[in-house]
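Commentary on secondary and tertiary structure
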Amino acid sequence: GPHGAWVVDERAGADPFEGTTRAAWVQEAAHTFFVADEAGGVWRGELGDGRLVRCARGAALPAGEAATSLQWSHSAGALAVGTDQGRVLRYSLGVATGGASSGGGSRWSQRLGPGTDTAGTGGAAEWQLEGQVLLDGAVRAMCLEPEGLSEGLVATAGCTAWFVDVAAAARVPVVCGHAGE
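Summary of the structure given here. (Residues numbered from 1 in each chain as written. Predicted model: local features only at pLDDT ≥ 70, side-chain atom pairs only at ≥ 80, totals over all residues. Heavy atoms only, no water.)

Moving on: the pairing of strand 3 (residues 51–60). The sheet contact formed by strand 2 (residues 41–48) and strand 3 spans 7 bridges and is antiparallel. Counterpart to Leu47 in the pairing with strand 3 is Leu52. Between strand 2 and strand 3, which pair antiparallel and follow one another directly, the connecting turn spans 2 residues, one of which, Asp49, has a positive phi of 55°. (Pairing = 2+ DSSP bridges. Helix = DSSP H or I, 4+ residues; strand = E, 2+ residues; numbered from the N terminus.)

Next up, the structure:
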């Protein structure tokens, strides 16, 4: 196919893990990805021509918390983060002030190497915390509606599946269980 296009086999009986692989391909095709570090930082990267072209520290999580789930909505410019302390946070990408900019309002400044940029120290200020909910254990899985990342389902280590509305700071248990059962 054309340069940068992915060919996905959609035949019946295809590999059951294909959905996960396909989701990764779609995310890479969108040229944006997120990675969390142990220090509570969430990094945003961009791909181009099959390589990393930009990397910046984005959202900073509350002290002592690490990300367990990440979900990005390009159309909303929003990032949802589930943490090991049972928090679901929703950040929006604000407009950067100063520095060079590259689409989507993100700021990229320092060069790491030929054709690779990383953000300066002020990158975290671009992300605005817009809402959060606290649940009964570490977030194990999260699926929020893709357009706004406000409402959806979250499963926790407390053996509970929750319906959450991050914008309204609301939560309702949908399924409750007991550890080990």
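To continue, consider the nonpolar core. Within the largest apolar cluster, 13 residues are counted, with the highest numbers of intra-cluster contacts made by Val88, Leu135, Met142, Leu144, Val154 and Val164. Of all the elements in the fold, those that place two or more residues in this core are strand 5 (78–83), strand 12 (139–144) and strand 14 (160–165). If you tally residues by element for this core, the top one is strand 12, at 3 residues. If sequence neighbours within four positions are ignored, Met142 has contacts with Ser69, Leu70, Gln71, Ala80, Val81, Gly82, Val88, Leu153 and Val154. (Core = buried A, V, L, I, M, F, W, Y, C linked by side-chain atoms within 4.5 Å. Buried < 20%, exposed > 50% of the residue type's maximum accessible area, 1.4 Å probe, protein only. Contact = heavy atoms within 4.5 Å.)

Attention now moves to the sheet that holds strand 14. Strand order in the open sheet made by the 4 strands is 12-13-14-15, with antiparallel pairing throughout. Looking at strand neighbours, the two that pair on one side only are strand 12 and strand 15 (170–176), the edges of this open sheet. Pairwise comparison of adjacent strand axes, ignoring direction, gives a mean angle of 20° for this sheet. Pairing between strand 14 and strand 15: 6 bridges, direction antiparallel. Pairing of Val164 across the sheet is with Arg171, part of strand 15. (Axes fitted to C-alpha atoms, helices over the stretch in contact; angles between N-to-C directions.)

What follows covers the packing of aromatic side chains. Inspection of the entire model under this criterion finds 3 aromatic pairs. Summarising the aromatic geometry, the rings of Phe34 and Trp127 are spaced 6.0 Å apart at their centres and angled 80° between planes, so their arrangement reads as edge-to-face. Here Phe34 is found in strand 1 (residues 32–36), whereas its partner Trp127 is found in strand 11 (residues 127–134), with 93 residues between them in sequence. A relative accessible area of 9% places Trp127 in the buried class. (Phe/Tyr/Trp six-rings, centres within 6.5 Å; stacked < 30°, edge-to-face > 60°.)

This part is about the environment of His31. Secondary-structure assignment places His31 in the loop between helix 1 (18–29) and strand 1. Separated by 20 residues in sequence, His31 and Arg51 have C-alpha atoms that sit 9.8 Å apart. If we ignore the near neighbours within four places in the chain, the residues touching His31 are Gly45, Glu46, Leu47 and Gly48.

On to the pattern of salt bridges, then. Across all of its chains, the model carries 4 salt bridges by this definition. With a shortest N-O distance of 2.8 Å, Glu65 and Arg87 are connected by a salt bridge. Of this pair, Glu65 sits in the loop between strand 3 and strand 4 (67–73) while Arg87 is found in strand 6 (residues 87–93), placing the two residues 22 residues apart along the sequence. Note that Arg90 is salt-bridged to Glu130, the shortest N-O span being 2.2 Å. You can see Arg90 sitting in strand 6 and its partner Glu130 sitting in strand 11, a full 40 residues away along the chain. By relative accessible area, which is 47% here, Glu130 ends up partly exposed. Through salt bridges with shared partners, one network takes in Arg44, Glu46 and Arg54. (Salt bridge = Lys/Arg side-chain N within 4 Å of Asp/Glu carboxyl O.)

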